[in-house]
Amino acid sequence: ALLAVRTEIGDCTRCKLHTLGRTQVVFGAGNPNARLMFVGEAPGRDEDLQGVPFIGRAGQLLTKIIEAIELKREDVYIANVIKCRPPENRNPEPDEVATCEPFLFQQIDVIKPTVIVALGTFAARALLRSLEPISKLRGRVFDYRGSKLIPTFHPAYLLRNPSSKREVWEDMKLVKTLLN
Ligand code: URA
């Protein structure tokens, strides 16, 4: 079923990002039976080149965050709200989010994870339809399409603000509790 969604996206030309320098669609990666799913914003440079989400510096930190709750990357599923790299990693624009987010919703509906972690403002806002800042949303548990959703800070934000790792650790302990 995930393969069907991937095939549907294929060489997607639905939004303007396909004309703005993307190398490829970055669909998602990991275990299709995952009980834990991470949702980021959009592919960056490394992800665009390799076709895999979260493999650059932020991705390496995400891998450590996953390992901190005694899981491996292969155990979880990782995707983004936007499947193509915005030029110079600018923020996704509303029309791009609106065009692309149905594919994320399909991924969630196929995987049916127990817990979804929304990484950063864009993922939290797209999923929760909320305009609150991530600092207000994080650390709380939301019911979302049959899953529990926990927003937390984006690993790229943690690279710039290492002191916020403490809050992410609290959020991940909550994730672990919900999974057990
Ligand atoms: N940042 C994201 O939000 N997603 C990625 O895949 C990489 C970096």
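Residues numbered from 1 in each chain as written. Predicted model: local features only at pLDDT ≥ 70, side-chain atom pairs only at ≥ 80, totals over all residues. Heavy atoms only, no water.

*Asks:* Explain the nonpolar core here, please?
*Replies:* Across soluble globular proteins, nonpolar side chains show a tendency to be buried alongside one another. Leu 36, Phe 38, Leu 127 and Val 175 are the most contacted members of the largest nonpolar core, which has 55 residues in total. Per-element accounting of this core gives the leading share, seven residues, to helix H4 (residues 94–111). Beyond its immediate chain neighbours, meaning those up to four positions away, Val 175 contacts Leu 36, Ile 69, Val 115, Val 117 and Ile 150. (Core = buried A, V, L, I, M, F, W, Y, C linked by side-chain atoms within 4.5 Å. Buried < 20%, exposed > 50% of the residue type's maximum accessible area, 1.4 Å probe, protein only. Helix = DSSP H or I, 4+ residues; strand = E, 2+ residues; numbered from the N terminus. Contact = heavy atoms within 4.5 Å.)

*Asks:* Honestly, the packing of helix H1 (residues 2–9) against H4 in this entry has me stumped. Any pointers?
*Replies:* Two packed helices can be described by the angle between their axes and the distance between those axes. In the contact formed by H1 and H4, the axes pass within 10 Å of each other and the chain directions differ by 170°. By the criterion of interaxial angle, the relationship of H1 to H4 is roughly antiparallel. Across the interface between the two elements, Leu 2, Val 5, Glu 8 and Ile 9 from H1 touch Phe 103, Gln 106, Gln 107, Val 110 and Ile 111 from H4. Partitioning the contact of H1 with H4 into residue classes produces six nonpolar, two polar and one charged. (Axes fitted to C-alpha atoms, helices over the stretch in contact; angles between N-to-C directions. Parallel < 35°, antiparallel > 145°, perpendicular 65-115°, else oblique. Nonpolar A, V, L, I, M, F, W, Y, C, P; charged D, E, K, R; others polar.)

*Asks:* Explanation requested: the site of the ligand in the structure shown.
*Replies:* All residues adjacent to the ligand are Gly 40, Glu 41, Ala 42, Glu 47, Pro 53, Phe 54, Asn 80 and His 154. One nitrogen or oxygen atom from the side chain of Asn 80 is found 2.8 Å from a nitrogen atom belonging to the ligand. Protein contact buries 91% of the 240 Å² of open area that the ligand shows by itself. Given that more than half its atoms are within 2 Å of the pocket grid, the ligand belongs to the largest pocket. (Near = heavy atom within 4 Å. Polar contact = N/O pair within 3.5 Å; in protein donor to acceptor, adjacent residues only side chain to side chain. Areas by Shrake-Rupley, 256 points an atom, 1.4 Å probe, with all protein chains shown as cover. 1 Å grid on protein atoms, 1.4 Å probe; cavity = no way out; pocket = protein on both sides within 12 Å on 5 of 7 lines; lining within 4 Å. Sits in = over half its atoms within 2 Å of the grid points.)

*Asks:* Could you clarify how one ought to interpret the sheet that holds strand E5 (residues 142–144) in this entry?
*Replies:* Backbone-to-backbone hydrogen bonds pair the strands of a sheet. The strands run either parallel or antiparallel. Strand order in the open sheet formed by six strands is E1-E3-E2-E4-E6-E5, with mixed pairing between adjacent strands. Only two strands of the sheet have a single partner each, and these edge strands are strand E1 (29–30) and E5. (Pairing = 2+ DSSP bridges.)

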